[in-house]
There are 2 protein chains.
Amino acid sequence: MLTAEESRQIAAVSTRRHVSPGTELMSALNLHESCVALLRGVVKISRLLTDGRQQIVSLKAAPDLLGSPFAPPGEVSVRAVTEAEIYCVPRPALESIVLQNRVLEHRLHLRALEDLSEAEALLLTLGRKTARERIATFLLDMAGRFRSAELGKRCDCGLAISEPGVVDLPLTRAEIGDFLGLTFETVSRQFAALRKDGLIEFTDARRVSVKDRTRLRVAAGC
Amino acid sequence: MLTAEESRQIAAVSTRRHVSPGTELMSALNLHESCVALLRGVVKISRLLTDGRQQIVSLKAAPDLLGSPFAPPGEVSVRAVTEAEIYCVPRPALESIVLQNRVLEHRLHLRALEDLSEAEALLLTLGRKTARERIATFLLDMAGRFRSAELGKRCDCGLAISEPGVVDLPLTRAEIGDFLGLTFETVSRQFAALRKDGLIEFTDARRVSVKDRTRLRVAAGC
DNA sequence: CGAACTCTTGAGTGGGATCAAATGACGTGG
DNA sequence: CCACGTCATTTGATCCCACTCAAGAGTTCG
């Protein structure tokens, strides 16, 4: 995403941090003062209601940039899901780098449009799909993003051996619920139902194997 | 949004159209061949499931630009909600204009980030709010966007006399349901409940008056 | 070993969906 | 002008999916 020169400029003004699961990466205070370059790990971006209900609006896996130097204010929480390595970049510094580099701004623009498209897909899921459809949709999404490292070792191209389709879920059942607008009990029950129907299999609670991708796609409702 | 010169450039390569409510503005065929400048009226952008379920992901009121010359492919439907006046702009033409104008691309970038923020707010609504909270949230949103023309005549600034708060809803009950992930019966019932509780009043089915903005905000759940 | 999590599973409830009917507004054509 | 069809809306009755409450097992960690 960045050239060596750009990376150097950014690193020069940033602070590197290692964070554990659950750590809030941006407090409400510094949210508009810095962006975060995600070097390793997975983070969740959530919107909150005052009574504690929350909705995960986006999952980000390294390498990626969280926040935008131009993003409008918004009440979001950013927390590590796994162990993670990050750079905290002062917003003004990032802004000036981006404003000096047309191509870089164009790339950020494209990424914002992709994020928007992803958010719209999730809107369809939350607004119109059943619990079973949401879980199936989620599994297909995760299968495209978190293929297990065991099989398809070091195969960087996305088109690895897809039949074994083993996925390492980075989220707890409760987090999956917060992502899909469900309770963790419903998530657990729908996983059990898909397993009983032979669409998936679990080696343990966090490792799923997709047994029948075609039927899983049907179960996802499109 | 655009300078006179930019508008002229765009108009030169565009075709103007008047469309009636319900008209599809972009078929699946030309969706990636053109963008739409909305001059008058309101349109809805929806995502569809094969069995007919749909989710409105965004409402756009004139003046605005629909689609982006850089947007990734996505299965969306764009339909007029009210009578509308539009320019259809060939995508390559718009793309070249934007690529020649840094400031213009920056503005499109900012708009994409605002759209993303709006989409995230809707995600919270669809994922975590009750029917009553969704309707209250929707009314507050509409009150900020579609203040009735009767009061506050020709007052372009958004800060008009807000107490009378009369709103002209551009959507049918079914469309409101497609926006909020509810059925039209539930929309109708929740409107009735808010009316019974004295938070709002109807002069007719499409014209709402906000009687108690404070309690409506509480009802919106934040 | 106990505390704190995570996950599963069961039982019962309730909010919103579904099915159904009636009303009113509107335009169209006889 | 009225009869008619269409569409938007409201309201009632019933159903069911997902939520809630609860219990227990498996884990990790101090």
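Residues numbered from 1 in each chain as written. Chains lettered and ligands numbered in written order. Predicted model: local features only at pLDDT ≥ 70, side-chain atom pairs only at ≥ 80, totals over all residues. Heavy atoms only, no water.

Going by the annotation in an unreviewed UniProt entry, the name recorded for chain A is Transcriptional regulator, with Tianweitania populi given as the source organism.

Colleague: Tell me about the overall build of chain A, and name the residues and values.
Modeller: Looking only at helices and strands, chain A features seven helices and 10 strands. Residues classed as buried in chain A amount to 50% of the 222 residues present. Sequence-distant contacts, at least 24 apart, represent 70% of the contacts inside chain A between residues at least 6 apart. A total accessible area of about 10600 Å² is found for chain A, and carbon and sulfur atoms account for 55% of it. (Helix = DSSP H or I, 4+ residues; strand = E, 2+ residues; numbered from the N terminus. Buried < 20%, exposed > 50% of the residue type's maximum accessible area, 1.4 Å probe, protein only. Contact = heavy atoms within 4.5 Å. Areas by Shrake-Rupley, 256 points an atom, 1.4 Å probe, with all protein chains shown as cover.)

Colleague: Give a detailed account of the side chain of serine 14 of chain A, specifying residues and quantitative values.
Modeller: Residue and element names in this part refer to chain A. Along the chain, the position of serine 14 falls in the loop between helix 1 (4-12) and strand 1 (15-19). Owing to a relative accessible area of 14%, serine 14 belongs among the buried residues under this scheme. A distance of 2.6 Å separates a polar side-chain atom of serine 14 from the backbone oxygen of isoleucine 10. The contact partners of serine 14, leaving out residues within four places of it in the chain, are Tyr87, Cys88 and Val89. (Polar contact = N/O pair within 3.5 Å; in protein donor to acceptor, adjacent residues only side chain to side chain.)

Colleague: Hey, could you go over the interface of chain A and chain B for me, with residue numbers and the actual values?
Modeller: Across the boundary between the two partners, chain A contributes 47 residues, which contact 47 residues of chain B. Together chain A and chain B conceal approximately 4200 Å² of surface at their shared face, both sides included; 62% is due to carbon and sulfur atoms. Ranking the residues of chain A by area buried against chain B places Arg102, Leu123 and Arg128 of chain A at the top, with a combined share of 20%. If you look at where chain A meets chain B, you find eight salt bridges. Salt-bridge contacts for glutamate 105 of chain A lead to arginine 102 of chain B; the nearest nitrogen and oxygen are separated by 3.1 Å. Taken together, chain A and chain B are joined by 26 residue pairs in polar contact (both at pLDDT 80 or more). Of all elements in the fold, only strand 3 (42-48), strand 4 (54-61), helix 2 (91-99), helix 3 (102-128) and helix 5 (173-180) of chain A reach the threshold of two or more residues within the side of chain A that touches chain B. (Buried area = accessible area lost by both parts, 1.4 Å probe. Salt bridge = Lys/Arg side-chain N within 4 Å of Asp/Glu carboxyl O.)

Colleague: Residues and numbers for the pattern of salt bridges, please.
Modeller: Opposite charge on two side chains permits pairing when their charged atoms draw close. Residue and element names in this part refer to chain B. Taken as a whole and judged by the stated rule, the model has 38 salt bridges over all chains. For aspartate 197, the salt bridge goes to arginine 132, with nearest N and O atoms at 2.9 Å. Here aspartate 197, found in the loop between helix 6 (184-196) and strand 9 (200-204), pairs with arginine 132, found in helix 4 (residues 131-145); they are 65 residues apart in sequence, far enough to count as distant. You can call arginine 132 partly exposed: its relative accessible area is 30%.

Colleague: Outline the domain arrangement of chain A, supporting the account with residue identities and numerical values.
Modeller: Residues and elements named next belong to chain A. According to the domain assignment, chain A contains domain 1 (4-104) and domain 2 (123-219). Contacts between the two partners involve nine residues from domain 1 and, on the opposite side, 11 residues from domain 2. Interface area for domain 1 against domain 2, summed over the two sides, is near 890 Å², with a carbon-plus-sulfur share of 63%. For domain 1, the biggest contributors to the area lost against domain 2 are Gln55, Ile56 and Leu59; these three give 55% of the whole. Taken together, domain 1 and domain 2 are joined by one salt bridge. For lysine 44, the salt bridge identified is with glutamate 175, shortest N-O distance 3.0 Å. (Domains from an automatic or database assignment.)

Colleague: Run through the relation of the copies chain A and chain B, naming residues and quoting values.
Modeller: With an RMSD of 0.0 Å, the operation that places chain A on chain B is a rotation of 180 degrees combined with a shift of 0.0 Å along the axis. Taken together, the rotation angle and the small translation identify this as a two-fold axis. Here 100% of the contact residues of chain A are again contact residues in chain B; the copies associate through an equivalent surface. (Least-squares fit on C-alpha atoms with pLDDT ≥ 70 in both.)

Colleague: Got a sec to walk through the protein's contact with DNA strand D? Specific residues and values, please.
Modeller: Lining the immediate surroundings of DNA strand D are 18 residues, of which Ala131 and Thr186 of chain A together with Arg173, Ser188 and Arg206 of chain B lie closest. At a separation of 2.7 Å, a phosphate oxygen of DNA strand D approaches a polar backbone atom of alanine 131 of chain A. With respect to DNA strand D, the side chain of threonine 186 of chain A contributes an N or O atom lying 2.4 Å from a phosphate oxygen. For the surface near DNA strand D, the elements supplying multiple residues, two or more each, are helix 6 (184-196) of chain A together with helix 6 of chain B. (Near = heavy atom within 4 Å.)

Colleague: Residue-level account of the sheet that holds strand 8 (residues 166-168) of chain A, with values.
Modeller: Residue and element names in this part refer to chain A. Across the sheet, three strands lie side by side as 8-10-9; this open sheet has antiparallel pairing. Of all strands in the sheet, those with a lone pairing partner are strand 8 and strand 9 (200-204), marking the two edges. Strand-to-strand twist of the sheet, defined as the mean angle between neighbouring strand axes without regard to direction, takes the value 25 degrees. Summarising the sheet, strand 8 and strand 10 (residues 207-210) pair through three bridges and their orientation is antiparallel. Following the sheet pairing, valine 167 is matched in strand 10 by valine 208. (Pairing = 2+ DSSP bridges. Axes fitted to C-alpha atoms, helices over the stretch in contact; angles between N-to-C directions.)

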